[in-house]
Amino acid sequence: MVDALHEAQRILVERGVFVDARPDSRVQARVRARSARGRVIGTIGSQRPTKKDDQLSDKAIGEVLERELFRSRRRGRLWHAIPFEDSAELNDYLRDHLRFSKRVHWLTPAARRTAPLFVERAVRFEILEKTTSR
């Protein structure tokens, strides 16, 4: 990631903007019932290797900020929802997913897991501005 950030810094014009956006493994995804704003009925964690990758990416961002190649204009977290017809479709999705754990930690009994289901996933972002050359 450090190499990619150096390349972004190299090709950006002065005060050009680079957006770093990636899934946030520090928080669990939420499974909601009936709508993207429905009741939380389960959670999904991240697989261990992705947590380590995210830590290395965080370190890379910190390094380029420390070296003043970029300055941070804004950072935060946003959430987006992924719809599923039912729990079978959600389980198929999780089986092939590289970041999420393979199972949902259900907070409600099966009878209360009303379809459709929505996985609400956190995305961390940081808006980086190329610093002016000295």
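Values in this document were obtained by computation on a predicted structure and should not be read as measured data.

Draft legend 1. Representation of unusual backbone geometry in the model. A cis geometry characterises the amide bond from Ala 115 onward to Pro 116, with omega recorded as 0°. Inspection of the secondary structure puts Pro 116 in the loop between β5 (105–106) and β6 (117–130). At Arg 15, a position not held by glycine, the phi torsion is positive, near 65°. Following the sequence through the fold, Arg 15 ends up in the loop between α1 (2–11) and β1 (17–23).

Draft legend 2. Looking closely at the nonpolar core. One finds Val 31, Ile 44, Leu 90, Leu 94, Phe 100, Val 104 and Val 119 to be the most contacted residues of the largest nonpolar core, which totals 13 residues. Ranked by residues supplied to this core, first place goes to strand β2 (residues 29–33) with three residues. Setting aside anything within four residues of it in sequence, one finds Leu 90 in contact with Val 31, Ile 44, Phe 84, Val 104, Trp 106, Leu 117 and Val 119. Within the second largest apolar cluster, nine residues are counted, among which are Leu 5, Ile 61, Val 64 and Leu 69.

Draft legend 3. Highlighting the side chain of Ser 46. Along the chain, Ser 46 turns up in the loop between β3 (40–44) and α2 (48–66). Judged by its relative accessible area of 17%, Ser 46 is buried. Residues contacting Ser 46, with those up to four places away along its chain left out, are Ser 25, Lys 51, Arg 99, Phe 100 and Ser 101.

About the thresholds
Residues numbered from 1 in each chain as written. Predicted model: local features only at pLDDT ≥ 70, side-chain atom pairs only at ≥ 80, totals over all residues. Heavy atoms only, no water. Helix = DSSP H or I, 4+ residues; strand = E, 2+ residues; numbered from the N terminus. Core = buried A, V, L, I, M, F, W, Y, C linked by side-chain atoms within 4.5 Å. Buried < 20%, exposed > 50% of the residue type's maximum accessible area, 1.4 Å probe, protein only. Contact = heavy atoms within 4.5 Å.

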